[in-house]
Every structure is written in structure tokens, then in C-alpha cells.
Amino acid sequence: MSSVPNRPTESFEATRGGNAVLGKSVIVKGQILSREDLTIDGEVEGTIEMQEHRLTIGPNGKVRASVKAREVIVLGTLHGNVETGDRIDIRKEAKLVGDIRTARIVIEDGAYFKGNVDIVRAEVPRPAAAAPAASAPRPQAPATSSPAISPTAAGPAMAAGAGEVKR
Amino acid sequence: METRSSSGLDQFCSLLVERPGLTLLDLAGANQSTMGFLTNLGHRVYSDDFLLQMDRAFGDGDFYENQSDPIKVAQFLDSALDYPAQHFDGALVWDTLEFLSGPLLETVVRRLSHMLRPGSYMLALFHAEERAETIPTYSYRVSDRKTITLSPRGRRRPAQFFNNRSLEKLFQDFESVKFFLTRDHLREVIVRR
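The structure presented is a predicted model; accordingly, all values stated were derived computationally and were not measured.

Let us look at the overall build of chain A. Assigned secondary structure in chain A consists of two helices and 12 strands. Starting at the N terminus and walking to the C terminus, you meet the elements of chain A as α-β-β-β-β-β-β-β-β-β-β-β-α-β. Counting every position in chain A, which comprises 167 residues, the buried fraction comes to 28%. Of the contacts formed within chain A by residues at least 6 apart in sequence, a portion of 8% connects residues at least 24 apart.

Written out as C-alpha cells, the structure reads:
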């Protein structure tokens, strides 16, 4: 017998304390507005808005809805677009089909995700006296960016050989 | 899991550091490594598991025979490649094209071309061992701009093998085709739309 703990269940149990819970025999069709953390282990179809709170979709949860929450944890199935102010956590065995706008995303191995991920960076307050050149927002660059390579220029060093056809 | 250095990925990434805010397609299936790398560069990532989509569409019965069933093909294309024209600035298709038989392969390549903006790149991988009956499949993850991590997904029989000439023919509608033959019998192909 494996001694490896069942992480999704453990994590799911850990997230439930003190939450509103829709159990696995509950079906909701319509709009959910929540002012507290919510766990859904049943079925929901519609919209879910809880922008200051955390939504957890349990392993039995089947949600077909657009979701706006501070944080979303998916262990079950979610069809719909998701917008989070903080993060989305897609756990192993979870299935998510939809577009995501979030500040942070965690995807465990074994999760299925189909959709677009748009990372929304939090605005960092800038000093009022900053030089104009420094005031434009800049994308986060890689630590070791290298000069751009044009598509027709010679490529990087090749292990065994290379060829190119241009039209 | 193993890692390999990738000249093709390095070339693909040259596009990513030139311009932020690109929309990229990754067909390896969602994973933290690729998602983190691409979004940290300021890009949007559209993720799907193309091999899984193939298995869902054609896996019940003979995988390649099913690829000539027009109903199954239509469902597959609607499910896996239903994107607007010129929606993406780059695509990572990895080795998935090796598991598509003739007519469907051509249709998929045409769709990919349709989905990509002019000037964008697509990275594809092809095994070069012509006598192998099955080839290893992986979930490919981008570790950094020159390194791929390979998570094994078993072995599969490829639909066909490609040499340089057949790759040029396959991507004849693209502006350019550049290929790198590596020591581990893998052709890395960068095509420019």
C-alpha cells in the first residue's frame, strides 16, 4: 500500500474550515454572490462573484459558470472564464476549460486545462519625481535576455546540423 | 524527467524577447514550467493538450483509421483547433504532428497557418529514426529559453517519418522552414508564417 498521502483530499479538507459549503448533492442554477469564502462540491450553473474571497471547487464539484473571486482553487471541474485578483490554483485531477485572468497561477501535474492565461500584474506605485523615461510600464524581461535573432539570420549553434528554406 | 538543450526553442524565444504582450499557443498541455516562463516574459498563453484531444477523437478503435472518418475529423478540428484567423503570435506544437495521418495532417497544418499571424514562428519536433516502430512521447515543458524538460508519456506508433524534403513540402505555405538535426535523432523545425 502506498504511503503517499492523497494530497487533493487533504488540501480540500484543509480549505473547508469556516467556509460556506455547497455539498455534493446540491445543485444551484443562477447567480451566486458571496461575502465569505465558499466551497462548492456540488453542481453550479450561472455566475459566481466573490471578489474579496476564496472559491474552492471540490473534487466532486461541477461548475459551469463565469467566476470572479480573489482566489480560486480547483480540484473538480470548471467550465467558464475565471478572473481572480490574487491567484488560481489548478490541482491534480482538476479540469478547467475557459480563459483565466489572474495575477498568479499554479498548475499541478495531472491537471487538464484548456484556455487562455492572461497574467495581470499588480500596478506598482511609482514615485512622483520619477524621470519620464522610467515612467512607462515595461514588461518583465528575462534575466538573461540575448540579442534578437532575425528569422533569416544564422541560428544558434546546432548540435548536429541545420538547414533552412526561405521563400 | 530529462532535459535537453534546444536550438529550435532558442530561436522561437528570440521572437518572445523582441516583443511583449504576444498571444502564444502551447499544445503540450498546461504545465507550470512553460506557463511561468512565458507569462513572466509578459505574454498570454493559450494552452491545450493536443495529444489528449487526438486520443479523445480517434482513440476508440484504430487510431489512424479513425483519422479518415469525416465525422470524427470534424469533431476533432472543432474541439482542438477552433481559433480565429491570425489569433496567435507563436505556436509550440512539439511532436504532435507526427501522430496525424496524411490528409488530416495537411488540414491541421493549414489550420495552424490560418491561426498564426504573418511573421510568427511555430516550433515542431520530428523523430528522425526511420526504422523505429514506436517513438517515445513526452509532455514538453520550457525550463528556460534554451532548455526543454521532457516528462514521459509512453510510446506511440508515428503516422509517418519525415525527412528534410518532406518537411519542406509539409510547410510549403509558410515563409521559411529551418530545421536542426540534433544528436538524439530529433529534428527541431522552426517555421515562419
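Of regular secondary structure, chain B possesses six helices and nine strands. What you see for chain B is a C-alpha radius of gyration of 16 Å, in line with the 16 Å of a compact globule of 193 residues. Reported as C-alpha extents along the three principal axes, the dimensions of chain B are approximately 45 × 35 × 30 Å. Put simply, of all contacts in chain B between residues at least 6 apart along the chain, 63% involve residues at least 24 apart.

We now examine the nonpolar core. Formed by 87 residues in total, the largest nonpolar core has its most connected members in Val74 of chain A together with Val93, Met122, Leu123 and Ala124 of chain B. Setting aside chain neighbours within four positions, we find Met122 of chain B in contact with Gly90, Ala91, Val93, Leu112, Leu116 and Val191 of chain B.

Right, let's get into the packing of helix H3 (residues 50-58) of chain B against helix H4 (residues 70-80) of chain B. Residues and elements named next belong to chain B. Interaxial distance between H3 and H4 falls to 9 Å at its minimum, and their mutual angle equals 150°. One way to sum up the angle between H3 and H4 is to call them roughly antiparallel. With respect to the hand of their crossing, H3 and H4 are arranged in right-handed fashion. Seen from H3, the contacting residues are Phe50, Gln53, Ala57 and Phe58; seen from H4, they are Lys72, Gln75, Phe76, Ser79 and Ala80. For the contact of H3 with H4, the per-class residue count stands at five nonpolar, three polar and one charged.

To continue, consider unusual backbone geometry. Backbone geometry places Glu93 of chain A, a non-glycine residue, at a positive phi of 80°. Glu93 of chain A sits in the partly exposed class, given 16 other C-beta atoms within 10 Å. A positive phi angle, near 55°, is found at Trp94 of chain B, a position not held by glycine. Summarising the element assignment, Trp94 of chain B is placed in strand S4 (residues 88-94).

A few words on the environment of Gln11 of chain B. Residue and element names in this part refer to chain B. Counting through the fold element by element, Gln11 comes out in helix H1 (residues 7-18). Looking at Gln11, the number of C-beta atoms within 10 Å reads 24, which means it is buried. Through-space distance from the C-alpha of Gln11 to that of Arg145 is 8.5 Å; in sequence the pair is 134 residues apart.

Our focus in this paragraph is H1 of chain B. Residues and elements named next belong to chain B. The terminal C-alpha atoms of H1 lie 17 Å apart, and with 12 residues this matches the ideal 16 Å at 1.5 Å per residue to within 8%. With 10 of 12 residues buried, H1 is to be regarded as a mostly interior element. Looking at the buried positions of H1, the neighbouring elements they touch are S4, strand S5 (116-127), strand S6 (135-144), strand S7 (147-156), strand S8 (176-181) and strand S9 (186-192).

Turning to the environment of Met1 of chain B, a few remarks are in order. All names here are of chain B. Of note, Met1 is situated in the segment before strand S1 (2-5). Along the primary structure Met1 and Ser151 are separated by 150 residues, whereas in three dimensions their C-alpha atoms are 5.0 Å apart. Setting aside residues up to four positions removed in sequence, Met1 forms contacts with Thr149, Leu150 and Ser151.

Turning our eyes to something else, we now look at helix H2 (residues 32-40) of chain B. Among the residues of H2 of chain B, those classed as buried are Ser33, Thr34, Met35, Phe37, Leu38 and Thr39 of chain B. Looking at the buried positions of H2 of chain B, the neighbouring elements they touch are strand S10 (104-107) and strand S11 (112-119) of chain A together with strand S2 (23-26), strand S3 (44-47), S6 and S7 of chain B.

Residue and element names in this part refer to chain B. Sheet architecture is open: three strands sit in the order S1-S7-S6, paired in antiparallel fashion. Since the sheet does not close on itself, it has two edges, and those belong to S1 and S6, each with one partner. Here the average twist between neighbouring strands, direction ignored, is 40°. As defined by bridge partners, S6 adjoins S7 across eight bridges and the pair is classed as antiparallel. Counted as the bridge partner of Tyr138 is Pro152 from S7.

Once that is clear, we can look at the pairing of S10 of chain A. Residue and element names in this part refer to chain A. Burial of S10 is one-sided: the residues Ile105 and Ile107 facing one way are buried, the residues Arg104 and Val106 facing the other way are not. With four bridges connecting them, strand S7 (residues 82-90) and S10 associate as parallel partners. Bridged to Ile88 within S10 is Ile105.

Once that is clear, we can look at the pairing of S7 of chain A. All names here are of chain A. In the sheet, strand S5 (residues 62-74) pairs with S7 via seven bridges, with the strands oriented parallel. Bridging across to S7, Ile73 finds its partner in Asp89. Note that S7 and strand S9 (residues 100-102) share two bridges and pair parallel. Residue pairing across strands places Glu83 opposite Arg101, the latter belonging to S9.

Let us look at the confidence of the model for chain B. Residue and element names in this part refer to chain B. In the predicted model, chain B carries a mean pLDDT of 92, and 100% of its residues have values of at least 70. In the model of chain B, S8 stands out as the element of lowest mean pLDDT, 88, in contrast to S4, which has the highest, 96. Taken over the whole predicted complex, pTM reads 0.79, whereas the ipTM for its chain interfaces reads 0.82.

Rules used throughout
Residues numbered from 1 in each chain as written. Chains lettered and ligands numbered in written order. Predicted model: local features only at pLDDT ≥ 70, side-chain atom pairs only at ≥ 80, totals over all residues. Helix = DSSP H or I, 4+ residues; strand = E, 2+ residues; numbered from the N terminus. Buried ≥ 20, exposed ≤ 12 C-beta atoms within 10 Å, placed from the backbone. Contact = placed C-beta atoms within 7 Å. Rg over C-alpha atoms; globule rule 2.2 N^0.38 Å. Core = buried A, V, L, I, M, F, W, Y, C linked by C-beta atoms within 7 Å. Axes fitted to C-alpha atoms, helices over the stretch in contact; angles between N-to-C directions. Parallel < 35°, antiparallel > 145°, perpendicular 65-115°, else oblique. Left-handed = near helix turned anticlockwise from the far one by under 90°. Nonpolar A, V, L, I, M, F, W, Y, C, P; charged D, E, K, R; others polar. Expected span 1.5 Å × (residues − 1). Pairing = 2+ DSSP bridges. pLDDT = per-residue confidence, 0-100.

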